[in-house]
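A structural walkthrough
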Amino acid sequence: MKPRRPFEVRIVLVRTIYERNIGATSRAMSNMGCDKLILIAPTCDITYEAQQTAATGQTGLQNRVTYSSWDEFLEKEPESIKICFTARDGKGRQVRDIGDVLNDIADHAPQFQLHSETSYVVHLVFGPEDWGLSAEDLEHANFCACLPTFGENWSLNLAQATLLAMYSLRLQWGGERTLLDGGKTRRAPQGIEGINPDASLKIWLEEMGFDLTRQKKINAYTVLRRMLLQNTPTKKELVILETVLQQSIRKLREWKAFQKKD
């Protein structure tokens, strides 16, 4: 279930110990379309190591906002839904899988039950690497969530946890999907005079004795056409395919003519 209004995801790291995790979180944010990184009372300095770990995802790191305390955070950050990640129950709060929490928010949170052009902020909050968020930290949570694991080791690296949390959110609530180079549709080659593998494929199959006149969704032509042409071949590939088909057609016709003479 997706919320009915746009949302803005902000990542909050509380009392982070290792700067490399801050950098790696920035990189994960760039993968998941999140730009705003917030640090609350970090216990590490931000040096070149964080920049190295951020690699090609520097935006969150370079534009980070640092608050000295929760009080300053609450004073300066906008109204939001705060999802705190923990493997422990907070006071009076049941920890649920992140998927359940996201469904609950989308279905019942009043902020998302109205149609609005104004984005609503969702803070994803993560604690320090040693013991995670404290009971006092969890007092600020609107929801407590955990990331399900399936092995004996339930403890996640901080940066990995942020990535999995953002991925879970995008998977359920959506976002603008990255179009990878391999997923881009190649344009059909233009201006190849005399090259028509589609027609040649039909002629070749007919010369081979296949009946393509029957109205079938699946036949030799449709199957081979999908296998050979579905990925929009390059000009060179089309020329080679056309050459093979035309030569096969010519040889088949020559053989048939020879058979008739005998």
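Residues numbered from 1 in each chain as written. Predicted model: local features only at pLDDT ≥ 70, side-chain atom pairs only at ≥ 80, totals over all residues. Heavy atoms only, no water.

It is worth spelling out unusual backbone geometry at this point. A positive phi angle, close to 50°, is found at Arg15, a residue other than glycine. As for its position among the elements, Arg15 is in the loop between β1 (7-14) and α1 (19-32). Classification of Arg15 as partly exposed rests on a relative accessible area of 27%. Positive phi values are uncommon outside glycine, yet Ala55 reaches one of about 50°. Its location among the elements puts Ala55 in the loop between α2 (48-54) and α3 (59-62). Taking the relative accessible area as the measure of exposure, Ala55 reaches 31% and is therefore partly exposed. (Helix = DSSP H or I, 4+ residues; strand = E, 2+ residues; numbered from the N terminus. Buried < 20%, exposed > 50% of the residue type's maximum accessible area, 1.4 Å probe, protein only.)

Moving on to the packing of α1 against helix α7 (residues 158-173). Closest axis-to-axis distance for the α1/α7 pair is 8 Å, and the angle between their directions is 20°. Judged by the angle between their axes, α1 and α7 are roughly parallel. The chirality of how α1 crosses α7 is right-handed. Across the interface between the two elements, Asn21, Ala24, Thr25, Ala28, Met29 and Met32 of α1 pack against Leu158, Ala159, Thr162, Leu163, Met166, Tyr167 and Arg170 of α7. Split into classes, the residues belonging to the contact of α1 with α7 amount to nine nonpolar, three polar and one charged. (Axes fitted to C-alpha atoms, helices over the stretch in contact; angles between N-to-C directions. Parallel < 35°, antiparallel > 145°, perpendicular 65-115°, else oblique. Left-handed = near helix turned anticlockwise from the far one by under 90°. Contact = heavy atoms within 4.5 Å. Nonpolar A, V, L, I, M, F, W, Y, C, P; charged D, E, K, R; others polar.)

Quick look at the environment of Leu61 now. Positionally, Leu61 belongs in helix α3. Taking the C-alpha atoms as reference, Leu61 lies 9.1 Å from Ile46; in sequence the two are 15 residues apart. Ignoring anything within four residues of it in the chain, the contact list for Leu61 reads Ile22, Ser26, Leu37, Ile46, Ala50, Gln51 and Ala54.

This paragraph deals with the pattern of salt bridges. A complete count under the given rule lists eight salt bridges for this structure. Measuring nitrogen to oxygen at the nearest pair gives 3.3 Å for the salt bridge that ties Lys36 to Glu8. Here Lys36, found in strand β2 (residues 36-40), pairs with Glu8, found in strand β1; they are 28 residues apart in sequence, far enough to count as distant. Assessed through its relative accessible area of 39%, Lys36 is described here as partly exposed. Given a relative accessible area of 23%, Glu8 falls into the partly exposed group. Arg10 is paired through a salt bridge with Glu77; the nearest N and O atoms lie 2.8 Å apart. In this pair, Arg10 is assigned in strand β1 and Glu77 in the loop between α4 (70-76) and β4 (80-85), connecting sequence segments 67 residues apart. Note on Arg10: relative accessible area 11%, which makes it buried. (Salt bridge = Lys/Arg side-chain N within 4 Å of Asp/Glu carboxyl O.)

Applying the stated rule across the entire model yields zero disulfides. Distance from the sulfur of Cys144, which forms no disulfide, to the nearest cysteine sulfur (Cys84) is 5.9 Å. (Disulfide = S-S within 2.5 Å.)

It is worth spelling out the side chain of Glu207 at this point. Topologically, Glu207 is positioned in helix α8 (residues 197-207). Judged by relative accessible area, which is 17%, Glu207 ranks as buried. In terms of polar contacts, Glu207 uses its side chain to reach the side chain of Arg253, at 3.0 Å. Not counting the four nearest positions on each side in its chain, Glu207 is found in contact with Ile249, Leu252, Arg253 and Lys256. (Polar contact = N/O pair within 3.5 Å; in protein donor to acceptor, adjacent residues only side chain to side chain.)

Time to look at the confidence of the model for the chain. Summarising the model, the chain shows a mean pLDDT of 86, and 87% of its residues fall at 70 or more. Confidence drops under pLDDT 50 across residues 186-191; counting only partners more than four residues distant or on other chains, this segment forms 13 contacts. (pLDDT = per-residue confidence, 0-100.)

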